[in-house]
Amino acid sequence: MERRYPPQRHMTAIVLPYRIALVILMATTILVSCGRNDPHSAAPGSDRPELGPVWVLDPKDPGANLPPVGRSLFDYVVSETEGGKRIHHIPFPFTALVERLTQQLESEPGRSPLKRVLIPLNRSLQRNAARPQFFTFPRAVMGIDTEPTMHVEFSGMLLKDRFFLGYQEKANTIEVISYNEAAGRFEFQVVKDYKSGGTPRVLYANRAVCTVCHQNQGPIFARPLWDETNANPQIASLLEAQRRDFYGFPLHQGIDIPNAIDDATDRANELSAYQLLWQDGCERPHSSKDSIECRGDLVRFLLQYLLSGSRAFDSHSARYTDRLVHVYKKTWQEKWPQGLLISNPDILNRNPLDFFPQADGPADPAQTITISADDQHDRSAIRSIFEPSVPRAPLATWSASTDTGSVHHAIAGLSRFIAGTDIRRVDEHLFLRGSEAGDRTRRYESICRSSSRRGGVSPERLTFHCLPPHNMDGKADMQDAGGFSMDAVVYVKAGKGVTGTIDRLSFDDGDDLTDLQISGRNALKGAATWKARLMVAHKQSGLHARRADGNAIKEVTIQVESPGDRSGEGSGAAILTVMDDFSPVHEAIDTMARATLAGTSDVLARKPFRRARVMEALYEHLEMPRLSWCCLDDHEMPPPLADADVTALDGPSSPTDDDQGTVPAIKSFRRYCAKCHQGEDPSPPNFLRGSGKQVQDQINHCAERIYVRLDMWRLAPSDRPETPMPPGTALQRLDLTPERWAAHADLAVLKDYAAAVLKARDGTPPRLDHLLSRGYDNLSNCLPSSETQPATGLEAVRN
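Keep in mind the model is a prediction, meaning the values are calculated, not measured.

Colleague: I'd like to hear about the overall build of the protein, residue by residue, with values.
Modeller: A count of helices and strands for the protein gives 20 helices and 21 strands. When each of the 799 residues of the protein is scored for burial, the buried share is 56%. Look at the contacts in the protein between residues 6 or more apart in sequence, and 70% of them connect residues 24 or more apart. Surface accessibility of the protein: about 33500 Å² in total, with carbon and sulfur atoms responsible for 49%.

If you want it as structure tokens, here you go:
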């Protein structure tokens, strides 16, 4: 599918922080004003029509922090059985975790199946954990765009486009975004205390914080040319100067690696949309039968699509034209007449080296980027335009009037929920079963012209150009057979082995196949006759060549007679045999639909599309060998645990008794800031954690930064050197627009309090220009450092 980027596609790589830097959010004009056409007002999957387009993922609802059902793929990857029970076991060091993931995936010789980049000056929540040794301890980012490896009795884990990690060694932290098949969503997790001698803890994160930057509720990445990563030659050279192995990550690499991660995050971004189409695109409120049949048809056609090498499905059948398309179009008209809004996973490209002065003459690369304590300009600071927390406009609007609202688009998208190994098993099983004597077949015939060439010890090369009989010299169609045309090249070595390619194979009803490979069962050559029986498969996937209706080409038999003058040219005929081996799939899906309607199965119910549930049922009805399927069964998994940040926010966010009456502004700080600043960890700065007196002291200590962030709302978005607080997404969840908030009485209360604290210090009212002249990162930190213990990287995080 062609990628379409919004304007201003000059950008770079950053990625997937797990609890994103909520600390800095620029509320730009991309937020739509409230009203009848406000896309934010329509709940996803709502049955009532809306005048405006509907968000696939409601920006106001980040979802529950713990999985509502099921578990993340990361939980399955790092869980082991020990002492009769499942526990988390996260391999250390990081190279060991990389190796465990590699073992789950298909790989080519000499190439890692993982896509890995290093980002020293990054935009994650851990951006300053390694300060000032940014290039000694860069953020290690990894994504997966590779299929699972084939196992004998195990389905394997479908990690492709569903598994992303960000590791910061100095923070002893891994941030994880991975898919939850049972819930049909991405989960946000953090591994804490990940260090030598530590006891790693796997925790689910605060989604309210995560989704400030991960507004698509999934992985994010920068746009080209990914200048933050080591695909930037200058970044790579600065890393190389540190003389570290960086967990085995390649140092010097092209843009193909970050581009692959970018593509994976783009595909991941669409999974929620396809889940919505699966669950609600088929749902008919007053007809369970129609709803279930619709989902059954989606499975039917996506299997044809995958078995054909992602080429086609039977779009001319009555099941498609009269049943599936009819229901699907009706749903779009009723639920999403103005379309579906797709969240944006892309952030602006940023080259952090642009903010460093160029050294005069030769210099140690490491010295060029070291940031000292007395540096008056924090070169690691993220300027507001590059902040991932800036609200992003929808990436696209899928509409019934365009291809994105078509059934074909939904089928192609839902096919991503099936692993390549699943389809290879189905293909092989159907072909072997269909090859049994007595199964129905259909013949297609063609008349061929050929030419041959032999080059020394090279195999003989035969070129065939075949056309249906009625196209050859006025000959009539042969009885009881269809026609086909073909352009093929066959290589014969010593009259035994046969290989080759078919560039084009077209049936007389318009079904076209391309890029096929040939292997010969046998080849016979007489004085004037050459004959071979050829097997045909897709060149890229290796699957048996199949028609759009799912039925496989059993074989192609070619017989050519050479002319007596030995000119190398000849004529002959070809017979192609198609066997009816897809019928068992139709029967299996019909059985699955009846079981769902009877309530004895939920495979086609209004639940997320679950690969394990769909394929396990299909395998059973096709009488295929049983497999152990991942990843739905979680009853033996270790219990999911929430981060302490989340636990702290489970209670009331209202003021405590000693807040009341003494500092009324504290109540407003808690209302607008507690979701992100009341947790256990100091990033985002937890200045609202503790007793009323502690909170007041911490807010007072943070007054300079608080005042600057609040005063940003007074400026036009283009004039803001820093992003304003509270973040725009937090305001959306309180039904506030930036315009309303800029004039809100509560904003005045917050800013007046910070101003009063600053005035009490030196007797003069604060001025924004004076504070910013010192450099934002030189203002007092939100969290006071202990006099007896130096601040850690986390305590020094930019807030």
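Still more to cover.
Colleague: Outline the state of the cysteines, supporting the account with residue identities and numerical values.
Modeller: Covalent bonding between the sulfur atoms of two cysteines defines a disulfide. Here the structure, examined in full by the defined rule, presents four disulfides. Residue Cys 630 pairs covalently with Cys 631 via a disulfide, S to S 1.7 Å. Measuring handedness by torsion sign, the sulfur bridge of Cys 630 and Cys 631 sits at about 90 degrees and is right-handed. Cys 630 sits in the buried class, given a relative accessible area of 6%. Judged by relative accessible area, Cys 631 falls into the buried class, the value being 4%. Across the protein, the disulfide pattern expressed with sequentially numbered bonded cysteines is 1-2, 3-4, 5-6, 7-8. Between Cys 213, a cysteine without a disulfide, and Cys 210, which holds the nearest cysteine sulfur, the sulfur-to-sulfur distance is 9.3 Å. Cys 673 forms no disulfide, and the closest cysteine sulfur to it belongs to Cys 676, at a distance of 8.6 Å.

Colleague: Tell me about the sheet that holds strand S13 (residues 396–398), and name the residues and values.
Modeller: Hydrogen bonds along the backbone pair up the strands of a sheet, which may run parallel or antiparallel. Taken together, three strands build an open sheet; the order of strands is S1-S11-S13 and the sheet is mixed. The open sheet has two edge strands with one neighbour each: strand S1 (54–55) and S13. As judged from the two bridges shared by S1 and strand S11 (residues 340–342), these two strands associate in the parallel manner. Bridging from a neighbouring strand, Val 54 pairs with Leu 340 of S11.

Colleague: Go over the sheet that holds strand S7 (residues 173–180) with me, naming the residues and quoting the values.
Modeller: Within the open sheet, the six strands sit side by side as S4-S5-S6-S7-S8-S9. Their pairing is antiparallel. In this open sheet, the two edge strands, each paired with only one partner strand, are strand S4 (114–119) and strand S9 (201–204). Looking at each pair of strands side by side, their axes are set apart by 20 degrees on average, direction ignored. With four bridges connecting them, strand S8 (residues 185–192) and S9 associate as antiparallel partners. Within the sheet, the bridge partner assigned to Val 191 lies in S9 and is Val 202. In the packing of helix H5 (residues 256–280) onto the sheet, the strands contacted are S4, strand S5 (139–144), strand S6 (163–168), S7 and S8, and the crossing angle to S4 comes to about 115 degrees.

Colleague: Give a description of the packing of helix H15 (residues 692–701) against helix H19 (residues 745–762) that names residues and reports values.
Modeller: Two quantities define a packed helix pair, namely the angle between the axes and the distance from one axis to the other. Running from N to C, H15 and H19 cross one another at 75 degrees; their axes reach a closest spacing of 9 Å. In terms of orientation, H15 lies roughly perpendicular with respect to H19. Residues Gln 696, Ile 699, Asn 700 and His 701 of H15 form the contact with H19, whose own contacting residues are Tyr 753, Val 757 and Arg 761. Of the residues contributing to the contact of H15 with H19, the split by class is three nonpolar, three polar and one charged.

Criteria and cut-off values
Residues numbered from 1 in each chain as written. Predicted model: local features only at pLDDT ≥ 70, side-chain atom pairs only at ≥ 80, totals over all residues. Heavy atoms only, no water. Helix = DSSP H or I, 4+ residues; strand = E, 2+ residues; numbered from the N terminus. Buried < 20%, exposed > 50% of the residue type's maximum accessible area, 1.4 Å probe, protein only. Contact = heavy atoms within 4.5 Å. Areas by Shrake-Rupley, 256 points an atom, 1.4 Å probe, with all protein chains shown as cover. Disulfide = S-S within 2.5 Å. Pairing = 2+ DSSP bridges. Axes fitted to C-alpha atoms, helices over the stretch in contact; angles between N-to-C directions. Parallel < 35°, antiparallel > 145°, perpendicular 65-115°, else oblique. Nonpolar A, V, L, I, M, F, W, Y, C, P; charged D, E, K, R; others polar.

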